[in-house]
Structures are given as structure tokens and as C-alpha cells.
Amino acid sequence: MKYEKKDIMTTITGFLMAIADSVPGVSGGTIVYILGKYEDFVGSIASFGTKASKDAKKKAIDFLVKLGAGWIIGMLLALSVIASLVSTMTYELVSLFLGFVIVSIPFIMSEEKMSSYFSLKNIMFTIIGLVLVLVITSFTSTALDLSGDTSILKYVYIFAAGAIAISAMILPGISGSTFLLIFGLYMPIITAVKQVLHFNFTNLGIVIIFGLGVLIGLFYFSKLVKYLFNNYRQRVVYFVIGLMLGSIYAIIMGPTSLTNEVTNENLGLAPLSLENIKILWLLAGGLIIIGLEKLKTIGKGE
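The rules we used
Residues numbered from 1 in each chain as written. Predicted model: local features only at pLDDT ≥ 70, side-chain atom pairs only at ≥ 80, totals over all residues. Heavy atoms only, no water. Helix = DSSP H or I, 4+ residues; strand = E, 2+ residues; numbered from the N terminus. Expected span 1.5 Å × (residues − 1). Buried < 20%, exposed > 50% of the residue type's maximum accessible area, 1.4 Å probe, protein only. Axes fitted to C-alpha atoms, helices over the stretch in contact; angles between N-to-C directions. Parallel < 35°, antiparallel > 145°, perpendicular 65-115°, else oblique. Left-handed = near helix turned anticlockwise from the far one by under 90°. Contact = heavy atoms within 4.5 Å. Nonpolar A, V, L, I, M, F, W, Y, C, P; charged D, E, K, R; others polar. Patch = residues over 30% accessible without salt bridge, like charges linked within 9 Å, V, L, I, M, F, W, Y side chains within 5 Å. Areas by Shrake-Rupley, 256 points an atom, 1.4 Å probe, with all protein chains shown as cover. Salt bridge = Lys/Arg side-chain N within 4 Å of Asp/Glu carboxyl O.

Visitor: What is the right way to look at helix α9 (residues 186–197) in this model?
Guide: What sets the pattern is the α-helix's 3.6 residues per turn: residues three or four places apart point alike. Its 12 residues place the ends of α9 17 Å apart at the C-alpha level, agreeing with the 16 Å of an ideal helix rising 1.5 Å per residue. When you tally the buried positions in α9, you get nine out of 12 residues, the bulk of the element. Three or more residues of α9 are buried, namely Tyr186, Met187, Pro188, Ile189, Ile190, Thr191, Ala192, Lys194 and Val196. Within two residues after α9, phenylalanine 199 carries a phi angle of roughly 65 degrees, on the positive side.

Following this line, the structure appears as C-alpha cells:
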């Protein structure tokens, strides 16, 4: 397996994707999209279980290994460092990722040349995406206590949350972590994974069930996304913009769902507002997205 100059950008993309996915805010799919790797990402995953040629699957594996290497490094960093900062630097991180989303939207609109196929019908898909996130966010759950009841319904709930969260990660829009917040599983899952990494297997079953949901969601949803982008790209892009607009509200409300990773009690934090927003972090988030857009030239081997 050769590792060329252009592959450096693939690994960097995986790293940044994991950082984004670990914190409620911009989707890892948005990062991949901005860096020009989205078609390769979705196509590579969707190629498995299809009649794709041997060479196509080999190319897909090569891409996913290089992307995955960066993702694993980024996620380990996120679990060991960023997860602990969520409760101590909540508004800084939320402001940072709010900047990510706000600046990402015009980049995606420009990349897709959305103004060239503007129509009321397409706008309706933006409204649907926006309303969908607003409705889901309004039903945000309190943090789920994973150490309590172990009924089959809880496992089904966790499995479904994993599948939905990874599906959100694939879409350039609302992040998987934001969905975990909505389901009341963000800190509980982060804590459970950290426990397993420290050889505390109390919640190993929960992590396995969640992981299975992630794998199933990743495999099947990537196929659906590829099909929709290939056949209904205009409508899908407008829908994604609606998801991203809705995710702004989800990010603002995000702090209210955070819990103490030790006691699992809600931190009682207020939503992001003019009083607690961190402007410098907001601007930094925007500048990072602008910088990532410039890095696309590396991925093209320029």
C-alpha cells in the first residue's frame, strides 16, 4: 500500500472528522465534504456488498485505511482530552463548533452551485430538513443512566441511536454527537467507551451494542446516501442545508443536555446565548473551516 503526498490529506481529513464527530456541532461528513473527499468516502463504504470490481474494492479499502488511521488517532485524542473539556470549557467548544457550522454553510452552497438550481420545490426540502432537526431537538432526552435498567428496550434504543448517529456523521449537516445529545446518550456513551479503554468492562455490553448499531448504520446508510446523491442530488443538498441550519439550534441547546461523567447528573447549564458565547472561539471555528478549504489543494496534489 503506497502512501503518497495526496494521501496525507486523506489521513488529516480522518483526524479532523473524528474531532468534529466527538463534540456536538458540525458533522464529520461536513469536514469530508469541505476537503473534497466526500464522494470517495461514501462511495468507498457503499462499494462493499455490491458487484463492484476487485480493483474498485481494493481502491476503497486503501482509501478507508488511510482515512481510518487519522480517524482513530483523532477519536483517541478526543476521548482522552476533549471529552473532559466538554464540561469545563463547554461554551468555548460550543462556540467553536457553532463557528464551524455557520461558515460551512456558504462553502457548501458555493461548492454545489446551489443558486443555479434555486426553486421553491428545492427550498421546501431545506424547510423539511430544518423542521426535522427542530422537532427532534425539542424532544431531547435527559442523560440515560447506563448503569441502571438493562432491559431489551434500552439495548434497542442504544443500537438505534448508534445507527442514527453514524448516519448523521455521513451526512454533511447535523453531527452524530448532536443526535447523541438529543437521545441523552452523549456523555454516557463517551464515558462507557473511556471505561473500556481503561480496561473497566462494566459497560462493555453497552459499547458493543452501540458499536453494532454504528456498523449497521454506516453500511446501509452509505448506500442510501450514494443512491440519493446520484439520483436526487439537488434536493438532497437543499435538505442537507436545512439540517445544518437546524443544527445551529441544536448546538445552542447542546449545553443543557450535558451531564457529569462521574455522577451522570445533568450539569444544569444554560443554552448558548449572548451572555455566555465566546466570540473569539466562534471566530476561530470559522477561520478553521476557511483554512480547511484552502487545504483542499493538498488533496489534489497541487
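Having seen it, we continue.
Visitor: So what exactly am I meant to see when it comes to the packing of helix α7 (residues 152–170) against helix α10 (residues 204–253) here?
Guide: Helix-helix packing is described using two parameters, namely the angle between the two axes and the distance between the axes. The contact between α7 and α10 brings their axes to 7 Å, and the two run at 40 degrees. When the axis of α7 is compared with that of α10, the two are oblique. Regarding α7 and α10, the two cross each other, and that crossing is right-handed. When α7 is examined against α10, the residues Tyr155, Ile158, Phe159, Ala161, Gly162, Ala163, Ile166, Ser167, Met169 and Ile170 are found in contact with a partner set consisting of Ile206, Ile209, Phe210, Leu212, Gly213, Val214, Ile216, Gly217, Leu218, Phe221, Ser222 and Val225. Of the residues belonging to the contact of α7 with α10, the class tally is 17 nonpolar, five polar and no charged.

Visitor: Hey, could you run me through a nonpolar patch on the surface in this one?
Guide: Where nonpolar side chains cluster on the molecular surface, the patch consists of Phe159, Phe199, Phe201, Leu204, Ile208, Leu212, Leu215, Ile216 and Tyr220 and spans about 910 Å² of accessible area. Top contributing element to the nonpolar patch by residue count: α10, with six residues. Of note, phenylalanine 199 is situated in the loop between α9 and α10.

These figures capture arrangement, not role.
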